Amino acid sequence: MSFRAFLPAAALVAVAGFWLGSSTPTVGQYCEGTVYGLSGRYDLATGSGFLAVRTRPNSSSRMIGQLFNGDHTEIFDRRGNWYQVEIGGGTGWANARWLRNDCGY
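Please read these numbers as outputs of a predicted model, since none were measured by experiment.

*Asks:* Honestly, the environment of Thr-34 in this entry has me stumped. Any pointers?
*Replies:* Positionally, Thr-34 belongs in strand β1 (residues 32–35). Note on Thr-34: relative accessible area 24%, which makes it partly exposed. In this structure, the C-alpha to C-alpha distance between Thr-34 and Gly-70, residues 36 residues apart in sequence, is 5.9 Å. Setting aside anything within four residues of it in sequence, one finds Thr-34 in contact with Gly-70, Asp-71, His-72, Trp-98, Leu-99 and Arg-100. Of the polar contacts made by the side chain of Thr-34, one reaches the side chain of His-72; its length is 3.0 Å.

What follows is the structure in structure tokens.
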């Protein structure tokens, strides 16, 4: 492989690494969020008193779990106003408005 052929490939790897890392915390950094600000009255029909965890980062996706005020959860990623969080040994998406954290994103 010539040096000229190597240089564009190395640049592509560097850009991909920057792009992929831009929405996630520093490698190896643990990020925990705490649920806050929800109504104290639980009502599934109106969606109050809990933070819905969904299969995708949008409010029309299927709910796979619920978090409550004071709950702690690991945050893995962010897409717009949604955090990818740990729930029941798996992951789902929760609205970022209701999660405090020191992750820097």
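*Asks:* Sorry if this is basic, but what is going on with the packing of aromatic side chains here?
*Replies:* Aromatic ring pairs are defined here through the distance separating the ring centres and the angle between the ring planes. The final tally for this structure, using the stated rule, is two aromatic pairs. Ring centres of Tyr-42 and Phe-50 lie 5.4 Å apart, and the angle between their planes is 45 degrees; this geometry places the pair in the tilted category. Given a relative accessible area of 43%, Tyr-42 falls into the partly exposed group. Judged by relative accessible area, Phe-50 falls into the buried class, the value being 8%. By the ring-pair criterion, three or more aromatic residues cluster together here, those being Tyr-42, Phe-50 and Phe-68. Cation over ring: Arg-100 sits above Tyr-36, and NZ or CZ is 4.0 Å from the ring centre.

Calculation criteria
- Residues numbered from 1 in each chain as written.
- Predicted model: local features only at pLDDT ≥ 70, side-chain atom pairs only at ≥ 80, totals over all residues.
- Heavy atoms only, no water.
- Helix = DSSP H or I, 4+ residues; strand = E, 2+ residues; numbered from the N terminus.
- Buried < 20%, exposed > 50% of the residue type's maximum accessible area, 1.4 Å probe, protein only.
- Contact = heavy atoms within 4.5 Å.
- Polar contact = N/O pair within 3.5 Å; in protein donor to acceptor, adjacent residues only side chain to side chain.
- Phe/Tyr/Trp six-rings, centres within 6.5 Å; stacked < 30°, edge-to-face > 60°.
- Lys NZ or Arg CZ within 6 Å of the ring centre and 35° of its normal.

Keep in mind these numbers describe shape, not what the thing actually does.
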